[in-house]
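# Topology and contacts: notes
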Amino acid sequence: MSGTTVPAESNETEAEPSVSAATGQEEIQRELSHEEYDPKGTLALILIYFAILMAMWVFMYFVEFLGNELVVVG
Amino acid sequence: MTLPSFVRTRGGMLVGLVMLGAIGFELRTVAGMLFGIDLPAAPYFIGMVAILSIVGVYLDVTRSTSPDTAT
Amino acid sequence: MSTQTDQPSFVDRYPEEAAVVRRSLLVAFVMLGIGALMGLVQALHRTNVLRIIDSADYYTVLTAHGVFLAIVFTIFFLVGLYQWAVTRSLDRSPVDIRFTHAWATMMTVGSLMAGAAILLGFIDEVPVSADVLFTFYAPLQAHPIFYAGLAIFIVGTWMAGADWFRTWLAWRKDNPDERIPLQTFMVLTTMIMWYVATLGVAVEVLVFLLPWSLGLIDSVDPLLTRTLFWFFGHPVVYFWLMPAYLLWYTVMPKIAGGRLFSDPLARVVFILFVLLSTPVGIHHQYVDPGIAQGFKFIAMTNTMFLLLPSLLTAFTVVASIEHGARQRGGTGLFGWLTALPWRDPAFTGMALAGLLFAAGGFSGMVNAGMNINYLVHNTLWVPGHFHLTVGTAVALTFMAGTYWLWPQLTNREIYSRPIALAQVVMWFGGMALMSNAMHVAGLFGVPRRTAEPQYSFDFPALFGTIGELRLQIAVGGTLLFISTVLFLSNLAFSLGTPKREGFGQTIPPALSGPEDSPAVLDNMKLWAAIAVVLVVLAYALPLGAIISDNGLFGVGIEPYPMLVRPLFDWAGATLAGLAEVIA
Ligand code: HEM
Ligand SMILES: [Cu+2]
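As the structure is a computational prediction, the values presented were derived from the model and not from experiment.

So, how was this worked out
Residues numbered from 1 in each chain as written. Chains lettered and ligands numbered in written order. Predicted model: local features only at pLDDT ≥ 70, side-chain atom pairs only at ≥ 80, totals over all residues. Heavy atoms only, no water. Helix = DSSP H or I, 4+ residues; strand = E, 2+ residues; numbered from the N terminus. Rg over C-alpha atoms; globule rule 2.2 N^0.38 Å. Contact = heavy atoms within 4.5 Å. Lys, Arg positive; Asp, Glu negative; His and termini not counted. Charge placed at Lys NZ, Arg CZ, Asp CG, Glu CD. Buried < 20%, exposed > 50% of the residue type's maximum accessible area, 1.4 Å probe, protein only. Areas by Shrake-Rupley, 256 points an atom, 1.4 Å probe, with all protein chains shown as cover. Donors = N, O, S within 2.8 Å, 3.2 Å for Na, K, Ca; no water. Tetrahedral: all angles 85-135°; square planar, octahedral: opposite > 155°, others 65-115°. pLDDT = per-residue confidence, 0-100. Buried area = accessible area lost by both parts, 1.4 Å probe. Salt bridge = Lys/Arg side-chain N within 4 Å of Asp/Glu carboxyl O. Polar contact = N/O pair within 3.5 Å; in protein donor to acceptor, adjacent residues only side chain to side chain. Phe/Tyr/Trp six-rings, centres within 6.5 Å; stacked < 30°, edge-to-face > 60°. Lys NZ or Arg CZ within 6 Å of the ring centre and 35° of its normal. Patch = residues over 30% accessible without salt bridge, like charges linked within 9 Å, V, L, I, M, F, W, Y side chains within 5 Å. Core = buried A, V, L, I, M, F, W, Y, C linked by side-chain atoms within 4.5 Å. Axes fitted to C-alpha atoms, helices over the stretch in contact; angles between N-to-C directions. Parallel < 35°, antiparallel > 145°, perpendicular 65-115°, else oblique. Left-handed = near helix turned anticlockwise from the far one by under 90°. Nonpolar A, V, L, I, M, F, W, Y, C, P; charged D, E, K, R; others polar.

What follows concerns the overall build of chain C. Looking only at helices and strands, chain C has 16 helices and 0 strands in total. Scaling as 2.2 N^0.38, a compact globule of 583 residues should have a C-alpha radius of gyration of about 25 Å, and chain C matches this with 24 Å. Principal-axis analysis of the C-alpha atoms gives chain C an extent of 85 × 60 × 50 Å. Counting only contacts in chain C whose residues sit at least 6 apart along the sequence, the fraction spanning at least 24 positions is 83%. Each charge class in chain C can be summarised by its mean position, and for the 29 positive and 34 negative side chains these summaries are 9 Å apart.

Printed below as a string of C-alpha cells:
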C-alpha cells in the first residue's frame, strides 16, 4: 500500500502501537521478515478447523438428513 | 509457576474465560446432538460457571504482572 | 488508551473527508440502535418471555430489524469506511467533495423515506406501511414511498462508487505506473460487484414493485421478482462482508503488531468475489417451484467454489495475526495465541468476530447443499446462521473497527477501553447463546419469521427442552442488546473526551507486497467483463424460462395489504360520482 504508509521496500517498520491498545501493552520485540516467518500455527489451526467441519458435516448428512423421515405437511 | 504464565492481564483473562464458557456451552449441544447424551441444563451450567469462577480466581491471584498495571 | 504517535491523524490531514466518514458512521449507529431494540423485542416476543407488542405488529418490527440492520447499518458503515480507505490509501481528496456530500445526502434521504414507511406501520391511523421484511417479496406490498426510498438509497451508493472510481482515475493520471493501493483495490472490486448485483434489484423495484405499488400495473410475477431479488440478495452478503474483510486484511494485522502476510492473495480473494458472488443467487431458491433443478444445481456448484476465497481469507488473516504474535514474542505451535493484544477491544472484537464466522462457515455449508437445505429451509436455523455472519462477523467487526478508527476521525480518545472490551466479549457470549439455540431449534423444526412459533404441532427436542432453547434465545438476545447499548453509549461519551494530538496511525506494508503479483490483477475492466459474462451465463436461461412460463407480470396476483389501490379506486369512484352529478 502507498499513501501514508511506509514505502513497501522498507522492512524496518517503526510501527506505532494501535490507538485502541491498552496502556502498557507490550511493544514489538523483534522484526520477522518474510523469510524468517513460517505460519505453522496458522496451518495447525486451519487443519483442526477442517477436521471439525468435516466431522460435523458427516454427522449432519448421515444422521440428521438421511436419518429423518420425510416430512409432508398437510 | 507453569500455568500462570499464560495469563498476564485481567482483560486477557476475561476474553479467555468467556471463550471457555462458550466452548463449554457448545459441548453440551455436541453431547446432545451427536451422542444423544442429555445433560440436564441447570446442574451442567451451574457446574460450569462454578468451575470457571474457580479457575478465574486462581488465575487472578497467580497472575504474572502486578494487578495495578494491568486491567 | 494513551498511546502517542507523532503521525498526524486522518482528521488532521483530511478534515472534510473525516466529517463525511463520521456522519456516515453516525447514521449507521443510529440504525444499529433502533435495529437492536427491535431484535430484543423479537427475541423476547417469540420466546414468550415478554410481549410488549401485539403479534399482528411483529412483521413491522421484523421489517425494521432486517432493513435497518442488514441494509442501512451495514451499507452506511461501508460507505464511511470506504471513503476513509480510498482517501487514506490514495492519499488524496475526492475530485469534488460536493459530489461526496451529494451521495451521502441521497443515501440519507432514501433511508429516511424507507424507514418512515416501515415505522408508520405501527400507527394504524396512517395508511402507510411497509411490512414486507427486508426481502420485500411480492405479493407483500409496501407503500410506494418505501420502494422510492430504496431506489434513491441505491442510486446514492452508485454515486458513491462513481466518486471512488473518479478519485482513483485522477490518482492514476498522476501515478501511471504504480500498483493500485490495496485498500483502494478492495473498494473498487467491491463496487464492481455492487454495480452488477444491484442491476437485479433496480429492475425489480423500478420496473415491477414501484409501478405495482402505485397501481400502474395490476400484478407482478412473484417468482420473477424473487429471482431478481436473489440476483442481488446473495452478492449483498459480500457487500456486507467485504468491508469487514478490508478491516481484517489491512487493519487487524497492524493492531496485532504484525504485517499482512500476502498482498497478492488478498487481491485474488477480492477478484474471486467479483466473479462468483452473483451467479449463485438461485441457491436461496432451492425450494422455489418454477425453477428447474438443473439451474439450482449449477447455483450450488458455483456456491461451493465461493468457499475458496473465504478459506484463503482465513489462512491469510490468521497468518498475518500469527506474524504479529511472533513479533510480540509469542512462541510455540499454539502458544503465540496468548501473545496477542487481547486487551485491545479492536483486536479482540475482530478476532471473536472471525471465530464466530468460522462457526458460521459450517452452517453455511449446510445451507448451500441443495438436498440438506430442505432440512433447515425457513427454520430458525437460518437466522442462527446469518447472525454469525452478518450479525457478528460483520457487525462486531464494524464495532471493533470503530474503536480503532474513531479516535483518528475526531482526535478524541474512546471514553472507556475496559467497557469497550467488555462490550465485544459480551456480544460474543450473547451470540454464542442465541445463535446456538437458533440452530438447534431450527433442526427441531421451529420456523423463522413468526411471532407465534408454536403452530399446532409439538417440537420433539432431541435433548434438553424447547423451553430451554427459548430461554437461551431470550438471554442471548438480551446480552446482545446490552452490548449494543454499551457500544453506543461509550461512543456517545467519546464525543465529549478532550481533544488531543497523537492519534495518527500507519498501516505497515505486506510481507509479500503487490510487486510479487501479476499486473493483470489490477485490470478492473477485465474482471468486470468476465463477471458480466458469468452472470449472463447463470441467469439468462432461468430468467428466460420464468418469463416464458408466466409472462412478465404474472396473472391474478393480488397485493397484500392494499395500500394505494383502494385510494385510486376511491378517487375513481368519487370522480365517477361527480361526473354523474354534473351530467
Ligand atoms: C441486538 C442484537 C440482535 C438480536 C437480539 C436479534 C434477534 C433476531 C431474531 C430473534 C430474529 C428472528 C426473528 C424471526 O425470524 O421471527 C432476527 C432476524 C434477523 N436479524 Fe437479528 N438480532 C440482532 C442483531 C442483528 C444484526 C446486528 C443484524 C445484521 C446486521 C441482524 C439481522 C437480522 C436479519 C436480516 C433478520 C431476518 C429478518 C427477516 O426474517 O426478515 N440482526 N434477529
Ligand atoms: Cu447466498
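Turning to the overall build of chain B, a few remarks are in order. A tally of regular secondary structure across chain B gives 2 helices and 0 strands. Residues counted as buried form 35% of the 71 residues belonging to chain B. Contacts spanning at least 24 positions in sequence make up 69% of the contacts within chain B whose residues lie at least 6 apart. Put simply, chain B shows about 4100 Å² of open surface, and 77% of that area lies on carbon and sulfur atoms.

Another point: the coordination of the iron atom of ligand 1. Residue and element names in this part refer to chain C. Taken together, His65 (NE2) and His387 (NE2) make up the protein donors of the iron atom of ligand 1, found 1.9 to 2.0 Å from the metal. Coordination at the iron atom of ligand 1 is octahedral: its 6 donor atoms span angles of 86 to 180 degrees at the metal. A residue pair is termed long-range when its members are at least 10 positions apart, and His65 in helix α3 (residues 58-90) and His387 in helix α12 (residues 381-410) qualify at 322 residues. For His65, a relative accessible area of 12% puts it in the buried group. The exposure class of His387 is buried, given its relative accessible area of 16%.

With 80% of its residues at a pLDDT of at least 70, chain B reaches an overall mean of 81. The low-confidence segment residues 66-71 of chain B, where pLDDT is below 50, has 11 contacts with residues more than four positions distant or belonging to other chains.

Turning our attention to the coordination of the copper ion (ligand 2). Residues and elements named next belong to chain C. For the copper ion (ligand 2), the protein coordination sphere consists of His234 (ND1), His283 (NE2) and His284 (NE2), at 1.7 to 2.0 Å. Positions of the donor residues of the copper ion (ligand 2) along the chain correspond to the pattern H-x48-H-H. Here the residue His234 occupies a position in helix α7 (residues 222-256), and His284 occupies one in the loop between α8 (263-276) and α9 (293-327), the gap between them amounting to 50 residues.

Take the interface of chain A and chain C next. Taken residue by residue, the interface counts 49 residues in chain A and 65 residues in chain C. Buried area between chain A and chain C, both sides added, is near 5300 Å², and the carbon and sulfur share of it is 64%. In this structure, the connection of chain A to chain C is made through 2 salt bridges. We note a salt bridge from Arg328(C) to Glu26(A), for which the minimum N-O separation is 3.8 Å. At the surface where chain A touches chain C, the tally comes to 21 residue pairs in polar contact (both at pLDDT 80 or more).

Residues and elements named next belong to chain C. Applying the stated criterion across every chain yields a total of 35 aromatic pairs over all chains. With a centroid separation of 5.0 Å and 80 degrees between ring planes, the pair formed by Phe29 and Phe487 is classed as edge-to-face. Of this pair, Phe29 sits in helix α2 (residues 15-46) while Phe487 sits in helix α14 (residues 466-494), placing them 458 residues apart in sequence. A residue is classified by how much of its surface remains accessible, and Phe487, at 0% relative accessible area, is buried. Ring plane angle 85 degrees and centroid distance 4.9 Å describe the contact between Phe229 and Trp230, whose orientation is recorded as edge-to-face. An aromatic cluster is defined as three or more aromatic residues linked by ring pairs; in this entry it consists of Phe136, Tyr137, Phe146, Tyr147, Trp194, Phe229, Trp230, Phe232 and Phe239. Over the aromatic face of Phe99 sits the side chain of Arg166, whose NZ or CZ is 5.6 Å from the ring centroid. Here the basic side chain of Arg267 rests over the ring of Phe185, its NZ or CZ set 4.9 Å away from the ring centre.

There is a patch of nonpolar side chains on the surface, built from Leu20(B), Ile23(B), Leu27(B), Val30(B), Leu34(B), Phe35(B) and Ile37(B) and spanning about 640 Å² of accessible area. With respect to the helices and strands, Leu34(B) occurs in helix α1 (residues 10-35).

Relative to the elements of secondary structure, Gln408(C) occurs in helix α12. Taking the relative accessible area as the measure of exposure, Gln408(C) reaches 3% and is therefore buried. At 3.0 Å, the side chain of Gln408(C) and the backbone oxygen of Trp404(C) are in polar contact. For Gln408(C), the contacting residues outside a window of four places in its chain are Val19(A), Ser9(C), Phe10(C), Val11(C), Phe503(C) and Gln505(C).

Residues and elements named next belong to chain C. Judged by nonpolar contacts, the single largest core of 203 residues is most densely connected at Trp84, Phe136, Phe146, Tyr147 and Trp164. Of the residues forming this core, the biggest block, 23 residues, is contributed by α7. Apart from the residues lying within four places of it in its own chain, the contact partners of Tyr147 are Val132, Phe136, Leu140, Gln141, Ala142, Val205, Leu209, Leu210, Trp212 and Ser213.

Residue and element names in this part refer to chain B. Between α1 and helix α2 (residues 41-61), the shortest axis-to-axis distance is 11 Å and the interhelical angle comes to 155 degrees. If you check the angle between α1 and α2, you find them roughly antiparallel. Seen from above, α1 lies across α2 with right-handed handedness. Where α1 approaches α2, its residues Arg10, Met13, Leu17, Leu20, Gly21, Gly24, Phe25, Leu27 and Arg28 are matched on the opposing element by Ala41, Tyr44, Phe45, Met48, Leu52, Val55, Gly56, Leu59 and Asp60. Residue composition of the contact of α1 with α2, by class: 12 nonpolar, 3 polar and 3 charged.

This brings us to unusual backbone geometry. For residues other than glycine, phi is negative in most cases, and the peptide bonds are mostly trans. All names here are of chain C. In this chain, Ala138 is followed by Pro139 through a cis amide linkage whose omega measures 5 degrees. Even without glycine at this site, Asn411 takes up a positive phi of about 60 degrees. With respect to the element layout, Asn411 can be found in the loop between α12 and α13 (417-443).

A separate point is the pattern of salt bridges. All names here are of chain C. Taken as a whole, this structure holds 14 salt bridges over all chains when the rule is applied. For Glu322, the salt bridge goes to Arg326, with nearest N and O atoms at 2.7 Å. With Glu322 and Arg326 both in helix α9 and 4 residues apart, this pair spans about one turn of that helix. Relative accessible area serves as the criterion here: at 7%, Arg326 is assigned to the buried category. Taking the shortest distance from any N to any O, the salt bridge between Arg500 and Glu413 comes out at 3.3 Å. Here the residue Arg500 occupies a position in the loop between α14 and α15 (524-550), and Glu413 occupies one in the loop between α12 and α13, the gap between them amounting to 87 residues.

This part covers the environment of Gly554(C). All names here are of chain C. Here Gly554 lies in the loop between α15 and α16 (565-582). With a relative accessible area of 17%, Gly554 lands in the buried category. For the pair formed by Gly554 and Leu223, sequence separation is 331 residues and the distance between their alpha carbons is 8.7 Å. In contact with Gly554, other than residues within four places in its own chain, are Ser219, Val220 and Asp221.

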